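Spelled out, the chains give:
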Amino acid sequence: MTNPYSMQANPYAMSYPAYPQEMYPAENYAQENYPAYPQKKSGPSTLGMMSLGALGGGTVGFFKNRYPVGKDGTVSDSFAREVFDKNLKKNRPENTQRFFSQLKDILKKIDKINSPEEFKKLLKANKDILEDQCKGISSETLLEAVNSTNLKESKKSLKESLEAIMNFEMQKTKNAIKLGWNSESKKFIKTDEFKDSKLFDIIKNTKNNIQWKKALKYGGITAGILGALTVGYKMLIPRN
């Protein structure tokens with residue numbers, strides 16, 4: 001039996017003309033409806049900029065400190081102090097090392113002394129300095145004579161006396177440094193005038209060590225700055 005509705009036209013059906021597919025190629029459709037966005041730019045690499053900063057800053061630090069003796073013949077206090085400390089440790093007898101260790105200890109603590117008892121205790125703990133400062137008077141008399149009335153002047157006199165010793169040691173060290181320095185070739189050269197070979201080697205090695213320390217310091221600072229700036233730049237650029 002034939003279905004009477006199978007041949008009946010659908011009154012709601014609408015016929016549309018067929019358009020050829022080539023009128024709307026796929027690439028045109030994608031461009032019109034989904035425009036392509038530009039690729040996101042990552043900007044400079046943080047690690048790369050830090051490496052560049054370390055190299056540049058390190059180079060500046062290395063060459064900036066390559067001459068420990070100035071054109072006018074002056075030697076920096078920091079260089080002389082480092083040479084003195086290394087020579088004291090590697091090239092001087094134990095009793096000399098002990099003496100300057102006690103001297104530095106007193107200079108470090110003397111300003112904090114507030115009573116005669118503290119002053120006497122500090123000197124008794126540094127016997128080498130006490131004996132050195134008591135060549136014209138006995139150590140017992142020196143200690144017994146300190147009281148609240150003369151404490152301030154006693155502290156001042158002792159401090160000035162010890163500082164004078166250190167100042168003289170620094171001057172002698174600077175003289176030795178200049179003795180080994182050749183101003184024409186801009187480097188240390190061992191001559192017959194320089195009798196202490198160990199001291200000369202210490203001076204020469206100290207120069208190289210300070211150069212590399214400064215190079216690392218300047219390189220680290222520059223790397224940190226460029227790294228921070230790069231991170232800040234990446235945080236501020238628009239994100240797609």
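Residues numbered from 1 in each chain as written. Predicted model: local features only at pLDDT ≥ 70, side-chain atom pairs only at ≥ 80, totals over all residues. Heavy atoms only, no water.

As a further point, take the overall build of the chain. Scanning the chain from N- to C-terminus turns up nine helices and two strands. Of the regular secondary structure in the chain, the N- to C-terminal order runs α-α-α-α-α-α-α-α-β-β-α. Restricting the contact set of the chain to residue pairs at least 6 apart, pairs at least 24 apart contribute 72%. Per element, the accessible surface of the chain, about 17700 Å² overall, is 56% carbon and sulfur. (Helix = DSSP H or I, 4+ residues; strand = E, 2+ residues; numbered from the N terminus. Contact = heavy atoms within 4.5 Å. Areas by Shrake-Rupley, 256 points an atom, 1.4 Å probe, with all protein chains shown as cover.)

Core analysis: the largest hydrophobic core is formed by 22 residues, its most contacted members being Phe 100, Leu 103, Ile 106, Phe 119, Leu 123 and Leu 158. Breaking this core down by element, the ones donating at least two residues are helix 3 (77-91), helix 4 (94-109), helix 5 (116-124), helix 6 (127-132), helix 7 (139-145) and helix 8 (151-180). Counting 14 residues, the second-largest nonpolar core is a separate cluster that includes Phe 79, Ala 176, Ile 177 and Ile 203. (Core = buried A, V, L, I, M, F, W, Y, C linked by side-chain atoms within 4.5 Å. Buried < 20%, exposed > 50% of the residue type's maximum accessible area, 1.4 Å probe, protein only.)

Take the packing of aromatic side chains next. The final tally for this structure, using the stated rule, is five aromatic pairs. With 5.3 Å between their ring centres and 80 degrees between their planes, Phe 84 and Phe 100 make a pair best called edge-to-face. Of this pair, Phe 84 sits in helix 3 while Phe 100 sits in helix 4, and the two are 16 residues apart along the sequence. The buried category is assigned to Phe 84, whose relative accessible area is 6%. Judged by relative accessible area, Phe 100 falls into the buried class, the value being 6%. Considering the side-chain rings of Phe 194 and Phe 200, the 5.5 Å spacing of their centres and the 75 degrees angle between planes classify their relative orientation as edge-to-face. With respect to class, Phe 194 is no different from Phe 200; both count as buried. A connected cluster of aromatic rings, assembled from ring pairs, spans Tyr 67, Trp 181 and Phe 188. For the cation-ring pair, Lys 186 lies above Tyr 67, with the distance from its terminal atom to the ring centre recorded as 5.8 Å. (Phe/Tyr/Trp six-rings, centres within 6.5 Å; stacked < 30°, edge-to-face > 60°. Lys NZ or Arg CZ within 6 Å of the ring centre and 35° of its normal.)

Put simply, the chain has an average pLDDT of 78, and 60% of its residues get 70 or more. Taken as a whole, residues 57-64 scores under 50 in pLDDT and shows 17 contacts with residues more than four places along the chain or in a different chain. (pLDDT = per-residue confidence, 0-100.)

Turning next to unusual backbone geometry. Residues other than glycine seldom take positive phi values, yet Lys 186 does so here, at roughly 60 degrees. Take Lys 186: it is sitting in the loop between strand 1 (181-182) and strand 2 (187-188). For Lys 186, a relative accessible area of 32% corresponds to the partly exposed category.

Moving on to the side chain of Lys 155. Take Lys 155: it is sitting in helix 8. Asp 111 is the oppositely charged side chain nearest to the buried, salt-bridge-free Lys 155, at an N-O distance of 5.6 Å. At 2.7 Å, the side chain of Lys 155 and the backbone oxygen of Ile 113 are in polar contact. (Lys, Arg positive; Asp, Glu negative; His and termini not counted. Salt bridge = Lys/Arg side-chain N within 4 Å of Asp/Glu carboxyl O. Polar contact = N/O pair within 3.5 Å; in protein donor to acceptor, adjacent residues only side chain to side chain.)

A few words now on helix 5. Among all positions of helix 5, only Pro 116, Phe 119, Leu 122 and Leu 123 are buried. All buried residues of helix 5 project into a common sector of 125 degrees when viewed along the axis, lining one side. Facing away from the buried side of helix 5, by more than 90 degrees, are the exposed residues Glu 117, Lys 121 and Lys 124. (Arc of directions from axis to C-beta.)

This paragraph deals with the packing of helix 3 against helix 8. Running from amino to carboxyl end, helix 3 crosses helix 8 at an angle of 95 degrees, the nearest separation of the two axes being 9 Å. The angle between the axes of helix 3 and helix 8 places the two elements in the roughly perpendicular class. Residue-level contacts link Asp 77, Phe 79, Ala 80, Arg 81, Val 83 and Phe 84 of helix 3 to Met 166, Glu 169, Met 170, Thr 173, Lys 174 and Ile 177 of helix 8. Of the residues assigned to the contact of helix 3 with helix 8, the class counts are seven nonpolar, one polar and four charged. (Axes fitted to C-alpha atoms, helices over the stretch in contact; angles between N-to-C directions. Parallel < 35°, antiparallel > 145°, perpendicular 65-115°, else oblique. Nonpolar A, V, L, I, M, F, W, Y, C, P; charged D, E, K, R; others polar.)

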